[in-house]
Amino acid sequence: MVSKNYDVIIVGGGVGGYPAAIKLIQHGYKVALIEEHLLGGECTNYGCIPSKALYRIAHSLDSLTSVIGRSIGVSWNVLREWVESIVSGTRDGIAYLLEKYGVDVINDWARLSSAEGIIKLSNGEELKAENIVLALGTDPKPLPNVGFDGSDIVSNREIFYLEEMPSSIAIIGGGAIGVELAYIFSSIGIDVYLVEALKRLLPMMDSDIGRAIERFLIIKGVKVFKNTLATSINRSSDGGLEIILSNGSRFTVDKVLVSIGRIPRTKGVGLENANVEINGYGYIRLYDGYRTSNPRIYASGDVVGPPLLAQKAIIESILVADSIMGKDVDKLEPEKIPLVIFSGLEIGSIGYSEEQLRAKGIRYKRYKIPLSFLSAVRIKDSRYGFVKALIGEDYEFYGLHIVAPNASEVISSFLPIYLGKITVDETAYTPYPHVTISEAVRDFAEYILGEPIHMFIKK
């Protein structure tokens, strides 16, 4: 029997769920939000927030080391307490907002039990809503035939909360998570082995980015293995983990972090009871207005598929709320969603890579400049930075890629020109602050126009 009725029930309290709850409450809807674990979801508790909290300390240590010429140690307990304080503060902030707005937050397991908007809780209680939003997220993908043990072979969910700092770690997977944590751990004094199955690091990004970050990490002391598989992980006689690679290499480490992808959380939630379709990869299939195959059920965030980015999930959650309120909404275009990687020598990227454009048969012109001429780059001791744009006729941007200090922030300065909100000519006359990395926006516009002030081009 149904015990409570709502206008909207949202399943999932991460960044793909709670923004919709707040937006709907603001417009007079009665809303419940059901979260099985922790408010904030993957991003707040196990991903974006703890990694960037740890990154702040790692990057600070790295910067000090480059200036004073010697490494600086730090207690793992101090690091972990710092991370936990940032995570709990962020999670408490979300809880505060939901409480103040009047969202009914239910900490429980939820399962769809019918196509008519009925959800069953773990105690058998049933809730009903006119509309349901599924923001179920994803789980870390384990290595075949290995799995996670929660202590030695771990995912992103355990790595930030280890009891002791390992002296060595193998990171399996050279994507965004692997690259970020390889930098972080090497900066705090951990011996790092980074193993990638494909031919380059960050294989889904532009090849120039992968080459630049590989060179940077090797200089940092990271042992990088590309086009290589971890064929065996065994407990060694001294209690460590012996890794055997497909190229014949072997080494022993304290911990293994597996970061080879994600699995959508679409099993065991009753999608079949509510006639909600999934695609061949297990992600929820979407139709107009972020509706699923059941028109009263919507979905947002990682559970609807790549790119698996918090900034995408947040906007999708808000768009779902708009759609429920009767507004016409368009799905986000992946090529207009920036990706940033906090890797010391940071990465900002939006749009297509050269490889993708060639595969699509799209003609483009390639513009690329090093950033070593910028005073801000020299001060921050970064020799490998660059800006690269892939541009069509009439200055139409297909892709924009930045490798530089603070690229995670600088990419926002490039968004207006990339999205066509400001012309290349206007950008060339915009007074970006000095001394900053964002000055590269103006310099790059000048370069595209063939009139660079701080670079010499031979006519």
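Above this text you will find the structure in question.
The shown structure was predicted, so the numbers you read here are calculated from the model rather than taken from an experiment.

Enquirer: What am I meant to see in the overall build of the protein chain here?
Expert: A count of helical and extended segments in the protein chain gives 13 helices and 22 strands. Principal axes of the C-alpha set define a box for the protein chain whose edges measure 75 × 65 × 40 Å. The 459 residues of the protein chain split such that 52% are buried. Across the protein chain, contacts joining residues at least 24 apart in sequence account for 62% of those joining residues at least 6 apart. For the protein chain, the accessible surface area stands at approximately 21,100 Å², while carbon and sulfur atoms represent 51% of it. Positive and negative side-chain charges of the protein chain, numbering 48 and 54 respectively, have mean locations separated by a distance of 4 Å.

Enquirer: Mind showing me how you'd approach the environment of Ile-132 here?
Expert: By the element assignment, Ile-132 lies in strand β6 (residues 126-134). For Ile-132, a relative accessible area of 1% translates into the label buried. Spatially, the C-alpha atom of Ile-132 lies 7.6 Å from that of Val-11, the residues being 121 residues apart in sequence. Excluding residues within four positions of it along the chain, Ile-132 makes contact with Ile-9, Val-11, Leu-112, Gly-117, Ile-118, Ile-119, Arg-296, Ile-297 and Tyr-298.

Enquirer: Mind showing me how you'd approach the pairing of strand β21 (residues 386-391) here?
Expert: Consecutive side chains of a regular strand alternate in pointing toward one face of the sheet and then the other. Most of β21 sits inside the fold, with six of its six residues counted as buried. Judged from the six bridges that link them, strand β20 (residues 365-370) and β21 form a sheet pairing that is antiparallel. Residue pairing across strands places Ile-369 opposite Val-387, the latter belonging to β21. Direction of pairing for β21 relative to strand β22 (residues 397-404): antiparallel, over a ladder of six bridges. Bridging from a neighbouring strand, Phe-386 pairs with Val-403 of β22. Joining the antiparallel neighbours β21 and β22 is a turn of five residues, in which Asp-394 adopts a positive phi near 55 degrees.

Enquirer: Hey, could you run me through the sheet that holds strand β14 (residues 250-253) in this one?
Expert: The strands that make up a sheet pair up through hydrogen bonds in the backbone, lying either parallel or antiparallel. The strand order across the open sheet built from three strands is β12-β13-β14, with neighbouring strands paired in antiparallel fashion. Here the strands that pair on one side only, and so sit at the sheet edges, are β12 (230-235) and β14. This sheet shows a mean twist of 20 degrees between the axes of neighbouring strands, independent of strand direction.

Enquirer: Even after reading the chapter, I still don't get the pattern of salt bridges, so can you show me in this structure?
Expert: It is possible for side chains of opposite charge to pair when their charged atoms get near one another. What the rule picks out here adds up to 32 salt bridges. Residues Lys-220 and Asp-62 are paired through a salt bridge, measuring 2.7 Å at the closest nitrogen-oxygen approach. On the criterion of sequence distance, the pair formed by Lys-220 in the loop between α7 (207-219) and β11 (223-225) and Asp-62 in helix α3 (residues 48-68) is long-range, its members being 158 residues apart. For Lys-220, a relative accessible area of 22% gives the class partly exposed. A salt bridge links Lys-223 to Asp-191, with the nearest nitrogen and oxygen atoms 2.2 Å apart. Taken together, the residues span a long stretch of sequence, with Lys-223 in strand β11 and Asp-191 in strand β10 (residues 191-195) at a distance of 32 residues. Salt bridges linked by common partners bring Asp-206, Asp-208, Arg-211, Glu-354, Arg-358, Arg-366, Lys-368 and Lys-388 together as one network.

Enquirer: What is the right way to look at a nonpolar patch on the surface in this model?
Expert: Together, Leu-64, Val-67 and Ile-68 give the surface a local cluster of nonpolar side chains, amounting to about 290 Å² of exposed area. For Ile-68, the location among the structural elements is in helix α3.

Enquirer: When you look at the sheet that holds β10 in this model, what are you seeing that I'm missing?
Expert: The strand order β8-β15-β9-β10-β11 describes an open sheet built from five strands, whose pairing is parallel. The open sheet terminates on both sides in strands that have one partner only, identified here as β8 (153-154) and β11. Both β10 and β11 contribute to a ladder of three bridges, which runs parallel. Paired with Tyr-193 across the bridge in β11 is Lys-223.

Calculation criteria
Residues numbered from 1 in each chain as written. Predicted model: local features only at pLDDT ≥ 70, side-chain atom pairs only at ≥ 80, totals over all residues. Heavy atoms only, no water. Helix = DSSP H or I, 4+ residues; strand = E, 2+ residues; numbered from the N terminus. Buried < 20%, exposed > 50% of the residue type's maximum accessible area, 1.4 Å probe, protein only. Contact = heavy atoms within 4.5 Å. Areas by Shrake-Rupley, 256 points an atom, 1.4 Å probe, with all protein chains shown as cover. Lys, Arg positive; Asp, Glu negative; His and termini not counted. Charge placed at Lys NZ, Arg CZ, Asp CG, Glu CD. Pairing = 2+ DSSP bridges. Axes fitted to C-alpha atoms, helices over the stretch in contact; angles between N-to-C directions. Salt bridge = Lys/Arg side-chain N within 4 Å of Asp/Glu carboxyl O. Patch = residues over 30% accessible without salt bridge, like charges linked within 9 Å, V, L, I, M, F, W, Y side chains within 5 Å.

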